[in-house]
Amino acid sequence: EPEGLISTEIGGRPMVLVGSERSNFVAGYDVSDPKAPAFRQILPTAAGPEGILAIPSRNLLVVCSEADDADDGVRSAITIFGYGGAYAGIDAGRPMFPSVVSGDLDGTPIGWGALGALAADPAAADRLFTATDGAYGPARVLSIDLSKTPALIDSELPITENGSPANLDIEGLVVRPDGYVLAVEGPDGGGNELVNVAPDGAIKDHVRLPAEVAAGLAGQGLEGVAIDGETIWVALQREIAGDP
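Here is a short report on the structure shown in this document. Predicted model only: the values in this text are computed from it and were never measured. (Residues numbered from 1 in each chain as written. Predicted model: local features only at pLDDT ≥ 70, side-chain atom pairs only at ≥ 80, totals over all residues. Heavy atoms only, no water.)

1. Some remarks on the overall build of the protein
- What the protein contains, in helices and strands, is 1 helix and 22 strands.
- Relative to the globule expectation of 18 Å for 244 residues, the C-alpha radius of gyration of the protein, 22 Å, shows a markedly less compact shape.
- Seen through its C-alpha atoms, the protein measures out along the principal axes to roughly 65 × 45 × 30 Å.
- By residue count, 34% of the 244 residues in the protein fall in the buried class.
- Of the accessible surface of the protein, which amounts to about 14,000 Å², a share of 53% is contributed by carbon and sulfur atoms.
- Side-chain charges in the protein split into 14 positive and 36 negative, and the spacing between the mean points of these groups amounts to 9 Å. (Helix = DSSP H or I, 4+ residues; strand = E, 2+ residues; numbered from the N terminus. Rg over C-alpha atoms; globule rule 2.2 N^0.38 Å. Buried < 20%, exposed > 50% of the residue type's maximum accessible area, 1.4 Å probe, protein only. Areas by Shrake-Rupley, 256 points an atom, 1.4 Å probe, with all protein chains shown as cover. Lys, Arg positive; Asp, Glu negative; His and termini not counted. Charge placed at Lys NZ, Arg CZ, Asp CG, Glu CD.)

2. Some details on the packing of aromatic side chains
- The final tally for this structure, using the stated rule, is 2 aromatic pairs.
- Taken together, a centroid distance of 5.8 Å and an interplanar angle of 65° make the contact between Tyr29 and Phe39 edge-to-face. Of this pair, Tyr29 sits in strand 3 (residues 25-30) while Phe39 sits in strand 4 (residues 38-44), and the two are 10 residues apart along the sequence.
- The exposure class of Tyr29 is partly exposed, given its relative accessible area of 29%.
- The interplanar angle of 65° and the centroid separation of 5.8 Å between the aromatic rings of Phe129 and Tyr180 together place this pair among those described as edge-to-face. (Phe/Tyr/Trp six-rings, centres within 6.5 Å; stacked < 30°, edge-to-face > 60°.)

3. A word on the pairing of strand 19 (residues 193-197)
- Burial runs high along strand 19: 4 of the 5 residues are buried.
- One ladder, built from 5 bridges, connects strand 18 (residues 179-184) with strand 19; its direction is antiparallel. If you follow Tyr180 over to strand 19, its bridge partner there is Val197.
- Relative to strand 20 (residues 203-208), strand 19 runs antiparallel, the two sharing 5 bridges. Along strand 20, the bridge assignment pairs Asn196 with Asp205. (Pairing = 2+ DSSP bridges.)

4. What about the sheet that holds strand 11 (residues 115-121)?
- The strand order 8-14-13-12-11 describes an open sheet built from 5 strands, whose pairing is mixed. The open sheet has two free edges, formed respectively by strand 8 (100-102) and strand 11, since each of these has just one partner strand. Taking each pair of neighbouring strands and ignoring which way they run, the sheet shows an average axis angle of 35°.
- Pairing analysis gives 6 bridges linking strand 13 (residues 140-145) to strand 14 (residues 151-158), with the strands arranged antiparallel. Within strand 14, the position partnered with Arg140 by the bridge is Pro158. (Axes fitted to C-alpha atoms, helices over the stretch in contact; angles between N-to-C directions.)

5. Considering the side chain of Thr45
- For Thr45, the position within the fold is in the loop between strand 4 and strand 5 (49-55).
- The residues touching Thr45, leaving out its near neighbours within four places in the chain, are Asn24, Phe25, Val26, Val63, Thr79 and Phe81. (Contact = heavy atoms within 4.5 Å.)

6. A closer look at the environment of Asp126
- Within the fold, Asp126 resides in strand 12 (residues 124-132).
- Assessed through its relative accessible area of 37%, Asp126 is described here as partly exposed.
- In sequence terms Asp126 and Lys148 are 22 residues apart; their C-alpha atoms lie 9.1 Å from each other.
- When neighbours within four sequence positions are excluded, Asp126 is seen to be in contact with Ile144, Asp145, Leu146 and Ser147.

7. Considerations on the sheet that holds strand 3
- Spatially, 1-2-3-4 is the arrangement adopted by the 4 strands of the open sheet, whose pairing is antiparallel. The open sheet has two edge strands with one neighbour each: strand 1 (2-10) and strand 4. When the angles between neighbouring strand axes are averaged without regard to direction, this sheet yields 20°.
- Bridge count for strand 1 against strand 2 (residues 13-20) is 8 bridges, and the pairing is antiparallel. When the bridges of strand 2 are listed, Ile6 appears paired with Leu17.

If you want it as structure tokens, here you go:
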């Protein structure tokens, strides 16, 4: 659904930029030959890009998005793109997007999205672990190689319980020598829990919130976990009803 269109000059080339409202991107085409436009780049935007403004004197492109729905957590935004090395930091001349990409498993890219957790590997400075939230199932822990540019998701660990895939809304993650600790947000207060997972992805046990805490939560619960020695800290997305 094309919704915005401008012609401008970028890097000395005539360009046409087209906004795709449904797909949330702006596509750039080199129109040096108007009879044969050449696709150059996709620019990811916020939801529903409609307004597009080029500022050639500063090598900038400004895009405003239409979609705004607080109940669904989607807000309108203005996105600013810069062309050229001045906007690319130390990696001059290369786009800063994407920052992470999928590796292949047996020829198939590792699927991911809605990354709700991130943790460092205590044994490797160039590795992170992340996890998709409940929008993607069954639950998996993904491993990220930071020595690559962009960073590369190079493996996935399915989470299982009694040998079967587990569906969990993972919102927090800690990596330990004996496996992982997951902060899981439940559909209601009682569903919020910490899940201890073995290195092979098998769930070892569940640790639920105290009943008096769970009773004060609705559908917005655990959003993060951190461990300091024998102390475990968790973050709650909303206040606990009745807690002064």
